[in-house]
Amino acid sequence: MNEADTKDREFYWAWALHEENLLTNRGNFFLVGQSMLFAAFASLRATGNVQLRASIVVFGLLGIFVAIIWLGIGIGHYKLTRVALLDKLVEHEPRYLVPASSRRKTAILSSNFWISVIVPFGVLIAWIALLAV
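Note that the structure is predicted; figures quoted are calculated from it, not measured.

Let's talk about helix 4 (residues 111–132)
And step 1. Its 22 residues give helix 4 an end-to-end C-alpha distance of 30 Å, which sits within 8% of 32 Å, the value for a rise of 1.5 Å per residue.
And step 2. Along helix 4, the largest kink reaches about 30° and is centred on I118; proline P120 follows within four residues of it.
And step 3. Taken together, the buried positions of helix 4 are N112, F113, S116, V117, P120, V123, L124 and W127.
And step 4. Where helix 4 is buried, its residues touch helix 1 (3–47) and helix 2 (53–92).

Here is the structure:
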């Protein structure tokens, strides 16, 4: 292995670690934000005060807006960055075994796909259901 290969391997490994950190931190940020919105929504709704109906709708719409942003960022990160990065990482770091499900069409088996796409989609559906009742 020559020096260029070693530098490429180190570069892609560092980039992969950085992307994992971004995914984790972004997921935590959005989960905390959505939790606060759910708590505010539930508190306002529990009062039963008709005058607060507009506030309840605003919190619900804000929750939907944040969930759409989270979903868009997650899909973009997964499709545009993660799949290409893992292909490069496998090419330059043979010790890093990535299941085919993380890189290819059966991505639904990947935990990163669940964190990036399924969880935000579920939160979006929950907000829509809460506003519908």
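Resuming the write-up.
What to know about the nonpolar core
And step 1. Grouped together as the largest cluster of nonpolar side chains are 17 residues, with contacts concentrated most on V123, L124 and W127.
And step 2. Of all the secondary structure elements, the ones that give two or more residues to this core are helix 1, helix 2 and helix 4.
And step 3. Of the residues forming this core, the biggest block, eight residues, is contributed by helix 2.
And step 4. With near-sequence residues (within four places) excluded, V123 lies in contact with Q34, F38, A67 and W70.
And step 5. Y12, A16, L86 and L89 belong to the second-largest nonpolar core, a separate cluster that totals five residues.

Let's talk about the side chain of H77
And step 1. Looking at where H77 falls in the secondary structure, it is placed in helix 2.
And step 2. On the basis of relative accessibility, which here comes to 7%, the residue H77 falls in the buried class.
And step 3. Not counting residues within four places of it along the chain, the set of residues in contact with H77 comprises E19, L23, R26 and R82.

Thoughts on the environment of R45
And step 1. Its location among the elements puts R45 in helix 1.
And step 2. On the accessibility criterion, R45 (30% relative accessible area) is partly exposed.
And step 3. On a C-alpha basis, the gap between R45 and I56 in space is 6.6 Å, while along the polypeptide they are 11 residues apart.
And step 4. Beyond its immediate chain neighbours, meaning those up to four positions away, R45 contacts I56, L130 and V133.
And step 5. At 3.2 Å, the side chain of R45 and the backbone oxygen of L130 are in polar contact.

Regarding helix 1
And step 1. Look at helix 1: 66 Å from first C-alpha to last across 45 residues, which is about the 66 Å you get at 1.5 Å a residue.
And step 2. Among the residues of helix 1, R9, Y12, A16, E19, L23, R26, G27, F30, Q34, L37, F41 and L44 are the ones counted as buried.
And step 3. Buried residues in helix 1 make contact with helix 2 and helix 4.
And step 4. Positioned one or two residues after helix 1, G48 has a phi angle of 75°, which is positive.

Focus on the packing of aromatic side chains
And step 1. Per the stated rule, a full pass over the model turns up eight aromatic pairs.
And step 2. On the basis of an interplanar angle of 70° and a centroid distance of 5.0 Å, the ring pair of F11 and Y12 is categorised as edge-to-face.
And step 3. Given the relative accessible area of 47%, F11 is considered partly exposed.
And step 4. On the numbers, 6.2 Å between centres and 25° between planes, the contact of Y12 with W15 is stacked. Here Y12 pairs with W15, and both are found in helix 1, just three residues apart, close to one helical turn.
And step 5. Judged by relative accessible area, Y12 falls into the buried class, the value being 12%.
And step 6. A network of ring pairs unites the aromatic residues F11, Y12 and W15 as a single cluster.

Here is what the cut-offs are and how they apply
Residues numbered from 1 in each chain as written. Predicted model: local features only at pLDDT ≥ 70, side-chain atom pairs only at ≥ 80, totals over all residues. Heavy atoms only, no water. Helix = DSSP H or I, 4+ residues; strand = E, 2+ residues; numbered from the N terminus. Expected span 1.5 Å × (residues − 1). Bend = angle between axes of the 7 residues up to and from the residue. Buried < 20%, exposed > 50% of the residue type's maximum accessible area, 1.4 Å probe, protein only. Contact = heavy atoms within 4.5 Å. Core = buried A, V, L, I, M, F, W, Y, C linked by side-chain atoms within 4.5 Å. Polar contact = N/O pair within 3.5 Å; in protein donor to acceptor, adjacent residues only side chain to side chain. Phe/Tyr/Trp six-rings, centres within 6.5 Å; stacked < 30°, edge-to-face > 60°.

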